[in-house]
Amino acid sequence: MGLCVLEQHAMNRLIITGASSGIGRAIARRFLRDGSLVLNIARRPCPEPGVENLACDLAVPGAVDSLAEPLAEWLAGAARVCLVHNASVMRRDRVDALPSDDLRAVLELNLVAANGLNQLILPRMGEGSSILYIGSTLAEKAVPGVASYVIAKHALAGMMRATCQDLAGRKIHTCMLCPGFTDTEQIRALIGGNDEILAALTSLSTFDRLIEPAEIAETIAFAARTPVLNGALIHANLGQRER
Ligand SMILES: NC(=O)c1ccc[n+]([C@@H]2O[C@H](COP(=O)([O-])OP(=O)(O)OC[C@H]3O[C@@H](n4cnc5c(N)ncnc54)[C@H](OP(=O)(O)O)[C@@H]3O)[C@@H](O)[C@H]2O)c1
């Protein structure tokens, strides 16, 4: 690899929330492979060697403000930045039993923290940068019993579409990638070691299996270098069986 190409690669940066496990960790690994500098923002560090970490509980109001200085330092000299809003939790709750404080905490993590990071990082994003949102099948439809998650993911789709409109002309693109059931801590917690639940979930896929986190990571790497996707909401779910 020539020096010029090396320098160019060193200028590519990935900032990702929630790369301490699951899909986020796989995305961090994928970008490292391409030679990007990678920064994880989560409560726990990313286990991938080479990833830098900023510890932050994104559900705490105002927590993102404390990242202003370290982020500015980390971004010095950056040109192309990919910012991936990935951190999220799925709680079991319902619209008819959803304390507002619980909803507020979920919105803080999924939306307000994402907005805070956009404010800090956007001024440092050059041409070719991207803001990618991790959605869900539940960004466009609802199932019972996960109300706060459905609400947050729908709202995040709105944030992505507003990002596309408001950044027009800056040559920074955005999209939302919506994974189907992916084999991560979050989904394993939902399955709880119960083979019947696992079979029920895999039977919803036209491929009869869970998605590997690396498959989502590959799609995110593609989205980061593909501005024609600007404003798109993309399902990455192996095809879901409709019943
Ligand atoms: N797995 C699936 O089937 C599936 C399907 C559709 C969409 N998704 C979406 O994919 C994304 C990743 O999910 P995953 O399955 O990979 O989940 P995961 O393995 O549980 O990882 C979730 C990540 O979010 C971070 N996070 C959670 N709460 C946080 C907080 N308060 N502050 C900072 N970071 C926090 C966690 O980091 P710390 O715990 O270290 O803070 C962790 O790294 C999420 O947006 C999820 O909604 C997943």
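Residues numbered from 1 in each chain as written. Predicted model: local features only at pLDDT ≥ 70, side-chain atom pairs only at ≥ 80, totals over all residues. Heavy atoms only, no water.

Q: How should I be thinking about the pairing of strand β5 (residues 130–134) in this particular structure?
A: Regular strands show a simple pattern: their side chains alternate between the two faces of the sheet. Judged by how many residues are buried, β5 sits mostly within the fold: 5 of 5 residues are covered. Neither face of β5 is exposed, since S130, L132 and I134 on one face and I131 and Y133 on the opposite face are all buried. Between the parallel elements strand β4 (residues 81–85) and β5, the chain passes through helix α4 (residues 100–121) in a crossover that is right-handed. Sheet topology places β5 next to strand β6 (residues 173–179); 5 bridges connect them, and they run parallel. Of the residues in β6, the one forming a bridge with Y133 is M176. In this fold, the crossover linking β5 to β6 by way of helix α5 (residues 147–166) has right-handed handedness. (Buried < 20%, exposed > 50% of the residue type's maximum accessible area, 1.4 Å probe, protein only. Helix = DSSP H or I, 4+ residues; strand = E, 2+ residues; numbered from the N terminus. Right-handed = clockwise from strand over helix to strand, strands pointing away. Pairing = 2+ DSSP bridges.)

Q: Looking at this structure, how should I read the side chain of N86?
A: Along the polypeptide, N86 turns up in the loop between β4 and α4. What makes N86 buried here is its relative accessible area of 10%. Beyond its immediate stretch of four places on either side in the chain, N86 contacts I16, T17, G18, I23, G24 and I134. (Contact = heavy atoms within 4.5 Å.)

Q: Explain the site of the ligand here, please?
A: Taken together, 31 residues are adjacent to the ligand, and S20, R43, N86, Y149 and T184 come closest. Here an oxygen atom of the ligand sits 2.8 Å away from a polar atom, N or O, in the main chain of R44. A total of 880 Å² of accessible area belongs to the ligand in isolation, and the protein chains cover 95% of it. For the shell around the ligand, the secondary structure elements donating two or more residues are α2 (22–33), α5 and α6 (185–191). Looking at the shell around the ligand, the element that brings in the most residues is α6, giving 3 residues. Here the residues of the shell around the ligand are counted per class, giving 14 nonpolar, 12 polar and 5 charged. (Near = heavy atom within 4 Å. Polar contact = N/O pair within 3.5 Å; in protein donor to acceptor, adjacent residues only side chain to side chain. Areas by Shrake-Rupley, 256 points an atom, 1.4 Å probe, with all protein chains shown as cover. Nonpolar A, V, L, I, M, F, W, Y, C, P; charged D, E, K, R; others polar.)

Q: Sorry if this is basic, but what is going on with α5 here?
A: Quick reminder: α-helices carry 3.6 residues per turn. Residues three or four places apart thus point the same way. The terminal C-alpha atoms of α5 lie 29 Å apart, and with 20 residues this matches the ideal 28 Å at 1.5 Å per residue to within 8%. Those residues of α5 that fall on the buried side of the exposure criterion are A147, S148, Y149, V150, A152, K153, L156, A157, M159, M160, T163 and C164. (Expected span 1.5 Å × (residues − 1).)

Q: What exactly am I supposed to notice about the nonpolar core here?
A: Generally speaking, nonpolar side chains in soluble globular proteins are found buried as a group. Judged by nonpolar contacts, the single largest core of 36 residues is most densely connected at I15, I41, L58, L71, I121, M125 and M176. Listing elements by their share of this core, those giving two or more residues are β2 (37–42), α3 (68–74), β4, α4, β5, α5 and β6. Among the elements that make up this core, the one with the highest residue count is α4 (6 residues). By size, the runner-up hydrophobic cluster in this structure holds 26 residues, among which are A19, C175, I211 and A221. (Core = buried A, V, L, I, M, F, W, Y, C linked by side-chain atoms within 4.5 Å.)

Q: Any chance you could explain unusual backbone geometry here in plain terms?
A: Working note: non-glycine residues mostly have negative phi, and peptide bonds are mostly trans. Positioned with a positive phi, K171 is a non-glycine residue whose angle comes to about 60 degrees. Relative to the helices and strands, K171 resides in the loop between α5 and β6. With relative accessibility at 56%, the residue K171 sits in the exposed group. One non-glycine residue, L238, adopts positive backbone phi at about 65 degrees. Position of L238 relative to the elements: it lies in the segment after β7 (232–236).

Q: What am I meant to see in α2 here?
A: Spanning 12 residues, α2 covers 17 Å between terminal C-alpha atoms, matching the ideal 16 Å at 1.5 Å per step. Taken as a whole, α2 has its buried residues at I23, G24, A26, I27, A28, R30 and F31. As for α2, its buried residues are in contact with β1 (13–17), β2, β4, β5, β6 and α8 (213–224). The positive-phi residue at the C-terminal boundary of α2 is G35, with phi of around 90 degrees.

Q: Sorry if this is basic, but what is going on with the packing of α4 against α5 here?
A: Direction vectors running N to C along α4 and α5 enclose 20 degrees, while the axes themselves pass 9 Å from each other. For the element pair α4 / α5, the angle class is roughly parallel. The two elements α4 and α5 meet at a crossing, and its hand is right-handed. On the side of α4, the interface is formed by L103, V106, L107, N110, L111, A114, N115 and N118, while α5 contributes S148, I151, A152, K153, A155, L156 and M159. The residue inventory of the contact of α4 with α5, partitioned by class, reads 10 nonpolar, 4 polar and 1 charged. (Axes fitted to C-alpha atoms, helices over the stretch in contact; angles between N-to-C directions. Parallel < 35°, antiparallel > 145°, perpendicular 65-115°, else oblique. Left-handed = near helix turned anticlockwise from the far one by under 90°.)

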